[in-house]
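Descriptive analysis of the structure
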Amino acid sequence: MIRIGIILGSTRPNRKGPQVAQWVLDTAAQRGDAEFELIDLREHPLPHLDEPAPPMFGPSVHEHTRAWAERIAPFDGFVLVTPEYNGGVPGVLKNAIDHLCAEWTDKAVGFVSYGVSGGARAVVQLRTVCGTLGMADVGYQVAISVLTDFENHATFTPRDHHVAALNKTLDQVIAWSTALAPLRAESPVTVG
Ligand SMILES: Cc1cc2nc3c(=O)[nH]c(=O)nc-3n(C[C@H](O)[C@H](O)[C@H](O)COP(=O)(O)O)c2cc1C
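To start, this report covers the structure provided alongside it. The structure displayed is predicted, hence computed values, not measured ones.

1. Things to note about the site of the ligand
Near the ligand lie 15 residues; those nearest to it are Arg12, Lys16, Tyr85, Tyr114 and Val116. A distance of 2.8 Å is found between an oxygen atom of the ligand and a side-chain nitrogen or oxygen belonging to Ser10. A distance of 3.0 Å is found between an oxygen atom of the ligand and a backbone nitrogen or oxygen belonging to Gly17. Contact with the protein chains removes 75% of the 610 Å² of surface that the ligand exposes when unbound. Of the residues in the shell around the ligand, the class split is four nonpolar, six polar and five charged.

2. Structural notes on the pairing of strand β5 (residues 136-145)
Where strand β4 (residues 108-115) and β5 come together, seven bridges link them in parallel fashion. Within β5, the position partnered with Phe111 by the bridge is Gln141. Handedness of the crossover is the feature at issue here: the chain leaves β4, passes through helix α4 (residues 120-132), returns alongside β5, and the resulting connection is right-handed.

3. Here's the deal with the layout of surface pockets
Its volume calculated, the largest pocket comes out at about 270 Å³. Pro55, Gly58, Pro59, Ser60 and Glu103 are the residues nearest the centre of the largest pocket, which is lined by 20 residues in total. A class-by-class count of the residues in the lining of the largest pocket yields twelve nonpolar, six polar and two charged.

4. Points about α4
Along its 13 residues, α4 runs 19 Å from first to last C-alpha, staying within 8% of the 18 Å computed at 1.5 Å per residue. Among the residues of α4, those classed as buried are Ala122, Val123, Leu126, Arg127, Val129 and Cys130. On its buried face, α4 is in contact with β3 (77-83), α3 (91-98), β4 and β5.

5. A few points about the nonpolar core
Counting residues in hydrophobic clusters, the biggest one holds 27 residues, and the most contacted among them are Phe36, Val81, Val112 and Ile144. Counting residues per element, the ones that place at least two in this core are β1 (3-8), α1 (17-29), β3, β4, β5 and α5 (160-179). Examining the composition of this core, we find that six residues originate from one element, α1, more than from any other. Residues within four places of Val112 in sequence aside, it is in contact with Val20, Trp23, Val24, Val79, Leu80, Val81, Thr82, Val142, Ile144 and Leu166. Counting residues in each nonpolar core, the second largest holds 25 residues, with Ile7, Ala96, Trp104 and Val123 among its members.

Conventions adopted
Residues numbered from 1 in each chain as written. Predicted model: local features only at pLDDT ≥ 70, side-chain atom pairs only at ≥ 80, totals over all residues. Heavy atoms only, no water. Near = heavy atom within 4 Å. Polar contact = N/O pair within 3.5 Å; in protein donor to acceptor, adjacent residues only side chain to side chain. Areas by Shrake-Rupley, 256 points an atom, 1.4 Å probe, with all protein chains shown as cover. Nonpolar A, V, L, I, M, F, W, Y, C, P; charged D, E, K, R; others polar. Pairing = 2+ DSSP bridges. Helix = DSSP H or I, 4+ residues; strand = E, 2+ residues; numbered from the N terminus. Right-handed = clockwise from strand over helix to strand, strands pointing away. 1 Å grid on protein atoms, 1.4 Å probe; cavity = no way out; pocket = protein on both sides within 12 Å on 5 of 7 lines; lining within 4 Å. Points joined across faces, edges and corners; volume = space filled by probe spheres on them. Expected span 1.5 Å × (residues − 1). Buried < 20%, exposed > 50% of the residue type's maximum accessible area, 1.4 Å probe, protein only. Contact = heavy atoms within 4.5 Å. Core = buried A, V, L, I, M, F, W, Y, C linked by side-chain atoms within 4.5 Å.

Shown next, in the form of structure tokens:
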């Protein structure tokens, strides 16, 4: 079965991200057409990129990079759950992406963003980053407002149109992850 990693891209104290990522996981788990797993960047602390060779030329020398590569390699596709910081991608998420290369290539990716204006500017940047890595970014996306979709600015209260948008996004991520399987089979990733 296709395996989809749901990556939570914020790590700060008091972050809103876990509520959004858990909703993505809970909604996805009801589908039955793929396996889904939550990947919290807090559980994979990485320094600012400190590998002597760029990831596309590997191999990685640091244990933290190899552990991150082993976490990401088995997945066929991803959903990136991202806030928007200062009009762009959170540094911690960009750094985690930059640590790897082959582990992302020929995999599908969808986006769930949140922010004052839905976090859409972070997704625009992530589409460029992911495309550069040879990922297939799907057209549907979910945009959540931290002003109107959190009760008392604290509790995430997803609406029906969010659920519909998430399922459309997951439909495409799963379909494209499946379609790209022959390309991944041509060049299997070896970590280390
Ligand atoms: C450093 C920083 C910069 C932010 N910049 C933006 C921004 O440019 N656009 C926006 O919509 N929200 C912005 N926000 C508000 C965040 O969308 C909001 O705090 C959200 O909860 C952040 O996600 P998190 O709680 O999971 O970290 C910013 C928040 C922080 C901490």
